[in-house]
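Each chain, letter by letter, is given below.
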Protein chains: 2
Amino acid sequence: MSSTRSYAAQSATSPLAPWTIKRRSPKPHDVQIDILYCGVCHSDLHTVRNEWGNAVYPLVPGHEIVGRVTAVGDHVTKFKVGDTAGVGCLVDSCRECDNCKDGLEQYCDTGAVFTYGGAERDGSGITQGGYSKSIVAHEDFVLHISDKLPLEGVAPLLCAGITTYSPLRHWKVGKGQKVGVLGLGGLGHMGVKLAVSMGAEVTMLSHSPSKAADAKRLGAHKFILTSDAEQAKSVMGYFDFILDTVSVEHDYNFYLGMLRTNGVMVCVGAPPVPAQIPVFNLIFGRKSLAGSLIGGLPETQEMLDYCAEHNIVSDVEVIAIKDINEAYERMLKGDVRYRFVIDMATL
Amino acid sequence: MSSTRSYAAQSATSPLAPWTIKRRSPKPHDVQIDILYCGVCHSDLHTVRNEWGNAVYPLVPGHEIVGRVTAVGDHVTKFKVGDTAGVGCLVDSCRECDNCKDGLEQYCDTGAVFTYGGAERDGSGITQGGYSKSIVAHEDFVLHISDKLPLEGVAPLLCAGITTYSPLRHWKVGKGQKVGVLGLGGLGHMGVKLAVSMGAEVTMLSHSPSKAADAKRLGAHKFILTSDAEQAKSVMGYFDFILDTVSVEHDYNFYLGMLRTNGVMVCVGAPPVPAQIPVFNLIFGRKSLAGSLIGGLPETQEMLDYCAEHNIVSDVEVIAIKDINEAYERMLKGDVRYRFVIDMATL
């Protein structure tokens, strides 16, 4: 075991503050990583404040982790010391169920082990995340990171990137298709970049006029101000696919109306209240409302390689870890374009 | 124009009673059909009682129509006098929008013309349905009916058959898949027969223990009494596809829980209250909730041919038209196995 500096929440109401955690010594298949950058995901804040009711304290959040390999177990074949490597939202799963065998570890039948707040499968404790100096994980849950791209912009790909990439791939978004991206935040801005890179015609759907210029800069072909009835009307029955990244309450039916026949709207954000859907809104037009959760390990590696090839990173604001609590407050106000990333050298 | 005997509702509260309507003389592309049988769909009752708020009176319901061609217009090429023919839920559409061109006339951008209660595109009036001696329709909306099968069992295929066939085909249900059919009524019993014929493992999901024997007789491989917690638990995370034929309020989340990863639940019934879906129930397992409306003309013909080839008809109780109001009351109690069909010789 080694002591590792970190930032942790001690309760749902306390700010994040310095804390020391124990990391296990690498086991035969483990990779030890010195963390360089860790992205700040809205899930971190939800969990720190126990808004999903499942937090365990002290809690070190962070699941958008990139760093350098500093040690490997005897049986590790995929990594060597000095490699650039990443850890995303998952650090373990059963490896035996159909989902795991299909590379969909996020849907592991026995429950995947999340990077923070998860119960280790061997009963050794609760996982702690990437707001820390180092992390140790099984090589099967460690990703190869290209050195072609700036690492601070790569970190958010481990959650925001794969969460948007996976549904775009699963529903075969590409050339000739009209895609709407709902909500321009950490997820939405990656959704726009990725859908554009796949050849789709991409429309940003937002109720903030201030996002129009950014949407264009990110590559969106159109911007629809959803609070403008005329603009909204112009895209009714228009989209083949809508990526809904909004995690506050909103009217799904309004956006289902923007789908054409056979259209699919995929939710990657989860508001605290149920969606209310008169099923007639699905029946007329054979529409689907679906959900998608991050992505499995093979697809996460595929996405990282794809982004390296297509020069895609997240737009980030790099912060010192002492500013994390202020960053949370700014995130709540939507005052970040589009992802905070902690420079772990500041810890 | 010719006078045609029918049964009509004069208001949302009056019983169906004899009435005389006018049918147009066949235009160059029209087919005139002497109606032999007309199925009784739950939509007929919803519309007669104006439960969807769009009824126009006097109203002759009925959209599961089979009969004999008695006259054809000069330019008709697809039918000749004496042919057995059918009319389903649609009698016209724009023919020009993408949906119509794709053979999805039911989703016509300008609104398909439904067989009863629909506004004729030429402004000539409101369509009247199949509880009548004859009907006249454009040949493009008339179906060929095989004489291999008993016609009274074929009539319900025009709505109950295509409504269940279409989603099974669209979502590629077949061998190796586990399919749940929710609700054993007019739609559900066709869903079971069709899904079984396509090679899927089919489970009937019902809260009526009395349906178990019938489910087996119809070909279902399993029966799950949904009110039995142990039985329900045994199919959690089990199905690739659920066909939801229920049109009264029910808990969608309970059934979404029965889907495995990538599972799809398709609604063909529309309860009067919105579905309440916490989107987490879609996100975990990448599940989809979708809807489907009848089917287009090419697929309806395909379904009729398929049923003729596979010897599939609806289980029916043939009634005299004077008993239609009593049949409605019995239908409301679920006291029909599984479709009333009116013998139009009794009119």
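Residues numbered from 1 in each chain as written. Chains lettered and ligands numbered in written order. Predicted model: local features only at pLDDT ≥ 70, side-chain atom pairs only at ≥ 80, totals over all residues. Heavy atoms only, no water.

Draft legend 1. Representation of the overall build of chain A. A count of helical and extended segments in chain A gives eleven helices and 18 strands. Whereas a compact globule of 347 residues would reach a radius of gyration of roughly 20 Å, chain A reaches 20 Å, a difference of no more than 12%. Reported as C-alpha extents along the three principal axes, the dimensions of chain A are approximately 60 × 40 × 35 Å. Restricting to contacts in chain A with at least 6 residues of sequence separation, those with at least 24 account for 66%. Carbon together with sulfur atoms contributes 51% to the accessible area of chain A, which is approximately 13300 Å² in total. (Helix = DSSP H or I, 4+ residues; strand = E, 2+ residues; numbered from the N terminus. Rg over C-alpha atoms; globule rule 2.2 N^0.38 Å. Contact = heavy atoms within 4.5 Å. Areas by Shrake-Rupley, 256 points an atom, 1.4 Å probe, with all protein chains shown as cover.)

Draft legend 2. Structural detail: the interface of chain A and chain B. Taken residue by residue, the interface counts 36 residues in chain A and 36 residues in chain B. Where chain A abuts chain B, roughly 3100 Å² becomes buried across the two surfaces, and 64% of that area is made up of carbon and sulfur atoms. Together, A:Val279, A:Ile283 and A:Arg286 form the three largest contributors to the area buried by chain A at its contact with chain B, with a combined 22%. Remark: the boundary between chain A and chain B carries two salt bridges. (Buried area = accessible area lost by both parts, 1.4 Å probe. Salt bridge = Lys/Arg side-chain N within 4 Å of Asp/Glu carboxyl O.)

Draft legend 3. Focus on the packing of helix H4 (residues 160-170) of chain B against helix H5 (residues 186-197) of chain B. Residue and element names in this part refer to chain B. Contact geometry for H4 and H5: axes closest at 8 Å, N-to-C directions at 50 degrees. Between H4 and H5, the angle is such that the two are oblique. At the point where H4 passes H5, the crossing takes the right-handed sense. Contact with H4, carried on its side by Ala160, Gly161, Thr163, Thr164, Tyr165 and Leu168, involves Gly186, Leu187, Met190, Gly191, Leu194 and Ala195 of H5 and no other residues of that element. (Axes fitted to C-alpha atoms, helices over the stretch in contact; angles between N-to-C directions. Parallel < 35°, antiparallel > 145°, perpendicular 65-115°, else oblique. Left-handed = near helix turned anticlockwise from the far one by under 90°.)

Draft legend 4. Broad picture of the pairing of strand S12 (residues 222-225) of chain B. Residue and element names in this part refer to chain B. Relative to S12, strand S11 (residues 201-206) is paired through four bridges, and the arrangement is parallel. By the bridge assignment for S12, Ser206 is matched with Leu225. Between the parallel elements S11 and S12, the chain passes through helix H6 (residues 212-218) in a crossover that is right-handed. (Pairing = 2+ DSSP bridges. Right-handed = clockwise from strand over helix to strand, strands pointing away.)

Draft legend 5. Expanded view of unusual backbone geometry. A:Pro58 follows A:Tyr57 through a cis peptide bond whose omega is -5 degrees. Looking at the element boundaries, A:Pro58 is found in the loop between helix H1 (42-48) and strand S4 (65-72). In this model, A:Arg337 is joined to A:Tyr338 through a cis peptide bond whose omega is -5 degrees. Although it is not a glycine, B:Arg286 sits at a positive phi angle of roughly 45 degrees. Tracing the backbone through its elements, the reader meets B:Arg286 in the loop between helix H9 (280-283) and strand S16 (288-291).

Draft legend 6. Representation of the relation of the copies chain A and chain B in the model. With an RMSD of 0.0 Å, the operation that places chain A on chain B is a rotation of 180 degrees combined with a shift of 0.0 Å along the axis. Given the turn and translation reported, the copies of this chain are related as if by a two-fold rotation axis. Every residue of chain A has its C-alpha some distance from the rotation axis, and the shortest such distance is that of A:Gln276, at 2.3 Å. In this assembly the copies share their binding face: 100% of the residues contributing to the interface of chain A also contribute to that of chain B. (Least-squares fit on C-alpha atoms with pLDDT ≥ 70 in both.)

Draft legend 7. Layout of the environment of A:Tyr338. Residues and elements named next belong to chain A. Looking at the element boundaries, Tyr338 is found in the loop between helix H11 (324-332) and strand S18 (339-343). By relative accessible area, which is 2% here, Tyr338 ends up buried. Taking the C-alpha atoms as reference, Tyr338 lies 25 Å from Val91; in sequence the two are 247 residues apart. With sequence-adjacent residues up to four places away left out, Tyr338 is seen in contact with Leu184, Gly185, Gly186, His189, Lys211, Asp214, Arg217, Leu218, Asp315 and Val316. One polar contact links Tyr338 to Asp214, side chain to side chain, over a distance of 2.5 Å. (Buried < 20%, exposed > 50% of the residue type's maximum accessible area, 1.4 Å probe, protein only. Polar contact = N/O pair within 3.5 Å; in protein donor to acceptor, adjacent residues only side chain to side chain.)

Draft legend 8. View of the domain arrangement of chain A. All names here are of chain A. For chain A, the domain assignment lists domain 1 (2-159 + 315-346) and domain 2 (161-291). With centres defined by C-alpha atoms, the gap from domain 1 to domain 2 works out at 28 Å. On the side of domain 2, 14 residues touch domain 1, which itself brings eight residues to the contact. Summed over both sides, the interface between domain 1 and domain 2 buries roughly 1000 Å², with carbon and sulfur atoms accounting for 42% of that surface. For the pair domain 1 and domain 2, the interface holds three salt bridges. A salt bridge links Asp315 to Lys193; the nearest nitrogen and oxygen atoms lie 2.6 Å apart. Taken together, the connections running from domain 1 to domain 2 amount to ten residue pairs in polar contact (both at pLDDT 80 or more). Of the residues in the side of domain 1 that touches domain 2, the class split is five nonpolar, no polar and three charged. (Domains from an automatic or database assignment. Nonpolar A, V, L, I, M, F, W, Y, C, P; charged D, E, K, R; others polar.)

Draft legend 9. The arrangement of helix H10 (residues 297-310) of chain B in detail. Residue and element names in this part refer to chain B. When the terminal C-alpha atoms of H10 are compared, their 20 Å separation across 14 residues agrees well with the 20 Å that a helix rising 1.5 Å per residue should span. Leu297, Glu299, Thr300, Gln301, Met303, Leu304, Tyr306, Cys307 and Ala308 are the residues of H10 that are buried. Each element contacted by the buried residues of H10 is listed here: strand S6 (90-92), strand S9 (143-144), helix H3 (151-154), H4 and H5. Just past H10, the residue Asn311 takes up positive phi, approximately 60 degrees. (Expected span 1.5 Å × (residues − 1).)

Draft legend 10. Representation of the pattern of salt bridges within the structure. For the structure on display, the rule yields 40 salt bridges over all chains. Beyond isolated ion pairs, a larger network of salt bridges with shared partners links A:Lys193, A:Asp214, A:Arg217, A:Asp315 and A:Arg337.

Draft legend 11. View of the environment of A:Leu59. Residues and elements named next belong to chain A. With respect to the secondary-structure elements, Leu59 resides in the loop between H1 and S4. In the structure, Leu59 is positioned 146 residues away from Leu205 in sequence and 35 Å away in space, judged by C-alpha atoms. Beyond its immediate chain neighbours, meaning those up to four positions away, Leu59 contacts Tyr7, Ala8, Ala9, Leu16, Thr47, Val48, Tyr116 and Gln128.

Draft legend 12. Focus on the packing of aromatic side chains. One pass over the structure, following the stated rule, counts twelve aromatic pairs over all chains. For the ring pair A:Trp171 and A:Phe241, a centre distance of 6.4 Å and an interplane angle of 45 degrees mean the geometry is tilted. A residue pair is termed long-range when its members are at least 10 positions apart, and A:Trp171 in the loop between helix H4 (160-170) and strand S10 (178-182) and A:Phe241 in strand S13 (residues 239-244) qualify at 70 residues. Ring centres of A:Phe280 and A:Phe284 lie 5.7 Å apart, and the angle between their planes is 40 degrees; this geometry places the pair in the tilted category. Ring pairing ties together the aromatic residues A:Trp52, B:Phe280 and B:Phe284, which thus form one cluster. Over the ring of A:Tyr238 we find A:Lys178; its NZ or CZ atom is 5.3 Å from the centre of that ring. (Phe/Tyr/Trp six-rings, centres within 6.5 Å; stacked < 30°, edge-to-face > 60°. Lys NZ or Arg CZ within 6 Å of the ring centre and 35° of its normal.)

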